[in-house]
Amino acid sequence: MAARWPELALCAFAVLVGGAACKTEERPRAAAAESVRLTPRVSSAALPASTAAQLGASDREAGFVAGKRPTRASGTAIVVAGERFDIGAPVVLWSDPGGYDAYRETPFFARDDGATAPSTSGKKRYRPGRGLWSDPASRENEPAPGEPEPTLERLRELVDQFVLHYDVCGTSRRCFEILHDKRNLSVHFLLDLDGTLYQTLDLQETAWHARQANPRSIGIEIANMGAYPPDDDEVLARTYVEDERGVRVALDANAKLATPGFVARPIRPERVRGLANGSELEMHDLTSEQYATLACLTAGLAEIFPRIELDAPRDLAGRVRDDALSDEEFAAWHGLIGHLHITDQKQDPGPAFDWEQLLARARALRALGVGPVSAPRE
Ligand SMILES: [Zn+2]
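The residue count restarts for each chain, going from 1 along the sequence in the order it is written. For a predicted model such as this one, the threshold for reporting local features is a pLDDT of at least 70, and the threshold for listing and counting side-chain atom pairs is 80 or more; totals across whole chains, interfaces and linings nevertheless cover every residue.

Caption draft 1: Region of interest: the overall build of the protein. Within the protein one finds nine helices and 14 strands. Distance between backbone-placed C-beta atoms decides contact: two residues are in contact if it is within 7 Å. Taking the intrachain contacts of the protein between residues at least 6 apart in sequence as the baseline, contacts between residues at least 24 apart amount to 70%. Every helix listed is a DSSP run of H or I at least four residues long, and every strand listed is a run of E at least two residues long, numbered separately from the N terminus.

Structure (structure tokens):
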């Protein structure tokens, strides 16, 4: 079937800043694509005041709005079971120039000497399709005999969690190098400091990022150096520096962000201290560009996968939990979830991560009808 491409897709946030439009390229971007679903046009008149307030000032500063859009992002659509869904945020697919391809069964980056590491060649870093197997930690990498095709309808029944990680690498490029080349692991999305979203696998595949959550989840690694005990701030002190405008991430020449000259600043200038699975830790928050893209993606995933509820695990007082769920709680949970909710050995996405901001913005986008609402096929 011929692919159908949007002439113009509006970003939710572009609407807020005065109707600037995100124009997508009019060329096919992935061989697997069968159809395109369009972001509906939303006029600024349709914005309820409360929703605009919820989206907040930081959205207006989002890096992909009007003129600051990352140049490497070739579209705004993610791919699910071969179909494209427009999320209204900058997306680089695994098949795009500058993308990160987790289908590759060899190391992605050339070693310094140009050789390929034999120990990691010829191995899948993911499991094709989705299926519940007896030991999800086994890294079984082939479908079971007779397993049904991973159609969109089947995925909608199986996929019910969106797992959030911070990458402790600082940039998506470095994260993919560690995951793919060094650890033989995978994750569906990488979210870079400038708000560029990299999709590395179709969401029909099982990525290896969170053990027991893998068969039922979509995973994202958010570029951030992570959380540390207050008396051990060597990494944070090295990664974040002050300039005349405040705190920024100290990027090296290998960062290779999609936005040339991008200066990454935490959305809150101060470090944030809090608990994660019983440890008191400090970290810097994400950038406003990361939250903006994450809100678009979260709203989109909730639209595509109705079992992903726009909420996170909460305690009896209604606060988002800072500890791991029991096995029973984990089995019953369907919605957003942090790695720290899955195992008490993890702390991500960490105490600075603003769950309430993300959830409020994702719900506001859903309420606006902005997201991958289906368009009729041709
Ligand atoms: Zn993690």
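There's plenty left to go through after this.
Caption draft 2: Focus on the confidence of the model for the protein. Each residue carries a pLDDT value, the predictor's own confidence for that position, ranging from 0 to 100. Summing up the model confidence of the protein, the mean pLDDT is 80 and the portion of residues at 70 or higher is 73%. Contacts of residues 1–72 to residues separated by more than four positions or lying in other chains number 152 contacts, the stretch itself having pLDDT below 50. Long-range and interchain partners of residues 373–378, a stretch whose pLDDT sits below 50, account for eight contacts in this model, where long-range means more than four residues apart.

Caption draft 3: Geometry of the nonpolar core. Among the nonpolar cores identified, the biggest contains 76 residues, and I87, V91, L190, L191, A295, C296 and L301 are the most heavily contacted of them. Dropping the residues within four chain positions of it, L190 is found in contact with Y100, S172, C175, F176, Y198, T200 and E221. The nonpolar core is taken to be a set of buried Ala, Val, Leu, Ile, Met, Phe, Trp, Tyr and Cys residues joined by way of C-beta atoms within 7 Å. Residues with at least 20 other C-beta atoms within 10 Å of their own are called buried, those with 12 or fewer are called exposed, and the rest are partly exposed. The C-beta atoms themselves are positioned from the backbone.

Caption draft 4: Structural detail: the environment of H209. Its place among the elements puts H209 in the loop between strand 8 (206–207) and strand 9 (217–222). Sequence-distant contacts of H209, defined by excluding residues within four places in its chain, comprise V163, H165, L185, S186, V187, N214 and G219.

Caption draft 5: Structural context of helix 9 (residues 355–368). An ideal rise of 1.5 Å per residue puts 20 Å on 14 residues; helix 9 measures up with 20 Å between its terminal C-alpha atoms. Taken residue by residue, helix 9 has L358, R361, A362, A364 and L365 as its buried positions. One side of helix 9 carries all its buried residues, which in axial view fall inside an arc of 160 degrees. Of the residues trailing helix 9, G369 is marked for its positive phi of about 80 degrees. Helix span, as expected, comes to 1.5 Å for every residue beyond the first. Throughout, the arc means that of the directions going from the helix axis to the C-beta atoms.

Caption draft 6: Layout of the environment of E83. Locating E83 in the fold gives a position in strand 3 (residues 83–93). Taking the C-beta count within 10 Å as the criterion, E83 has 21 such neighbours and is therefore assigned buried. In sequence terms E83 and D202 are 119 residues apart; their C-alpha atoms lie 9.2 Å from each other.

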